[in-house]
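Chain by chain, the residues:
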Amino acid sequence: MKADPSLQRELLDLAEVDAELARVAHRRRNLPELAEIEGIEKTLRDKRDALVNAQTSASDLEREVTRQEREVESVRVRADRDRKLMESGSAGAKQLTELEHELETLSRRQQVLEDDQLELMERREAADIEVQRAAAEVDKAEQDLEDAVTRRDEVLADLNATQARRDADRAALVPKFPEALLKTYNRVREQRGIGAGLLRSRQCGACKLELDRSQLSDIKNAAEDDVITCENCGAILVRTGESGL
């Protein structure tokens, strides 16, 4: 295959454009922000579950405290009624004895209920603190996620701008090349990642391997418009004044 030497040299420009496009694609697939976001989203789900559990526990304790308050109030009302009846002077001796016994029972019951109520209130207070802590952790995780998404979007915007610029560069370069030359270049690029490289100091610019003396001799004897490929990687070897031939 033959191609004008100036066109062959422009293959290096195309290879540079394609290399940057490949880097953009690789970085887009492997953004550290993506893994970070995935990790934060999992953390956020866990934190939200913990918050729901804390809120449920606090709500259950609130109902228990309310129920306990009703029971304490019921005992107080009963005791007040008994005391008023005793103070009224209308109760007989037997009834007074029964009222005294009931008041003692109610007093003990009230003490037990109030002790239980105090314990429940302490547990409710601790549960409320846990809800506040869990809510703060959710807020932090949400902020972390927002920050990570912002960083990801900024990086993607830069990558999109680079890709758009390089796509335009490629679109301007591709029409310059003969179909056969471009086909060879694209085939090697798809297989090896790089379709053309500069020959410099016996080294292929695509695979970075040194050419043997036999191939170097063939290249020296080749016409300027001959299209030479690397025996190691198949990339088109572009010869310039830097090739040292």
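We now turn to the structure provided with this report. (Residues numbered from 1 in each chain as written. Predicted model: local features only at pLDDT ≥ 70, side-chain atom pairs only at ≥ 80, totals over all residues. Heavy atoms only, no water.)

This part covers the overall build of the chain. A count of helices and strands for the chain gives five helices and four strands. Ordered by position from the N terminus, the helices and strands of the chain form the series α-α-α-α-β-β-α-β-β. In terms of overall size, the chain is more extended than a compact globule, its C-alpha atoms giving a radius of gyration of 42 Å where 245 residues would be expected to give roughly 18 Å. The dimensions of the chain, computed from C-alpha atoms along their principal axes, are 135 × 35 × 25 Å. Looking at the chain residue by residue over its 245 residues, the buried ones come to 31%. Long-range pairs, those at least 24 residues apart, make up 73% of the contacts in the chain between residues at least 6 apart in sequence. Accessible surface computed for the chain: about 15,300 Å², of which carbon and sulfur atoms make up 48%. Across the chain, the 41 positively charged side chains and the 54 negatively charged ones have centroids separated by 6 Å. (Helix = DSSP H or I, 4+ residues; strand = E, 2+ residues; numbered from the N terminus. Rg over C-alpha atoms; globule rule 2.2 N^0.38 Å. Buried < 20%, exposed > 50% of the residue type's maximum accessible area, 1.4 Å probe, protein only. Contact = heavy atoms within 4.5 Å. Areas by Shrake-Rupley, 256 points an atom, 1.4 Å probe, with all protein chains shown as cover. Lys, Arg positive; Asp, Glu negative; His and termini not counted. Charge placed at Lys NZ, Arg CZ, Asp CG, Glu CD.)

Here helix α2 (residues 32–88) is 57 residues long and its end C-alpha atoms lie 83 Å apart, about the 84 Å a rise of 1.5 Å per residue gives. Immediately beyond the C-terminal end of α2, within one or two residues, lies G89, with a positive phi of roughly 80°. (Expected span 1.5 Å × (residues − 1).)

With that settled, consider the pattern of salt bridges. In this structure the tally under the stated criterion is 27 salt bridges. A salt bridge links D18 to R189, with the shortest nitrogen-to-oxygen separation between them at 3.4 Å. Pair noted here: D18 is in helix α1 (residues 5–29) and R189 is in helix α4 (residues 179–192), with a separation of 171 residues, a long-range link. Residue D18 is classed as buried on the basis of its relative accessible area, which comes to 6%. Note that R200 is salt-bridged to E242, the shortest N-O span being 2.8 Å. With R200 in strand β1 (residues 196–200) and E242 in the segment after β4 (236–238), this residue pair connects regions lying 42 residues apart in the sequence. Residues joined by salt bridges that share partners form a network here, namely E16, E20, R166 and D169. (Salt bridge = Lys/Arg side-chain N within 4 Å of Asp/Glu carboxyl O.)

This part is about unusual backbone geometry. Positive phi outside glycine occurs at S201, with the angle close to 50°. Structurally, S201 can be placed in the loop between β1 and β2 (203–204). On the basis of relative accessible area, S201 is assigned to the exposed category, the value being 55%. Positioned with a positive phi, K208 is a non-glycine residue whose angle comes to about 70°. Looking at the element boundaries, K208 is found in the loop between β2 and α5 (213–221).

Before going further, it helps to examine a negative patch on the surface. A surface patch of negative charge is lined by D115, D116, E119, E122, E125 and D128. Take D128: it is sitting in helix α3 (residues 93–173). (Patch = residues over 30% accessible without salt bridge, like charges linked within 9 Å, V, L, I, M, F, W, Y side chains within 5 Å.)

A few words on the packing of α2 against α3. For the pair α2 and α3, interaxial distance at closest approach is 6 Å and the crossing angle is 165°. The angle between α2 and α3 places the two elements in the roughly antiparallel class. The element α2 and its partner α3 pack so that their crossing is left-handed. Taken together, the residues of the contact of α2 with α3 break down into 32 nonpolar, five polar and 28 charged. (Axes fitted to C-alpha atoms, helices over the stretch in contact; angles between N-to-C directions. Parallel < 35°, antiparallel > 145°, perpendicular 65-115°, else oblique. Left-handed = near helix turned anticlockwise from the far one by under 90°. Nonpolar A, V, L, I, M, F, W, Y, C, P; charged D, E, K, R; others polar.)

Turning to the sheet that holds strand β3 (residues 228–229), a few remarks are in order. Spatial ordering of the open sheet is given by β2-β1-β4-β3, a layout of four strands whose pairing is mixed. Two strands close off the open sheet at either side, each with one partner strand: β2 and β3. Bridging between β3 and β4 involves two bridges; their strand directions are antiparallel. Bridge pairing in β4 places T229 opposite I236. The sheet strands contacting α1 are β1 and β4, and the helix crosses β4 at an angle near 110°. (Pairing = 2+ DSSP bridges.)

When you line up the elements, R166 lands in helix α3. Residues within four places of R166 in sequence aside, it is in contact with E16, V17, E20 and L21.

Moving on, we get to the packing of α1 against α4. Put simply, α1 and α4 touch, their axes get as near as 12 Å, and they point 35° apart. Once α1 is placed against α4, the crossing between them reads as right-handed. Side by side, α1 and α4 meet where L11, L14, A15 and D18 of the first sit next to L181, L182, Y185 and R189 of the second.

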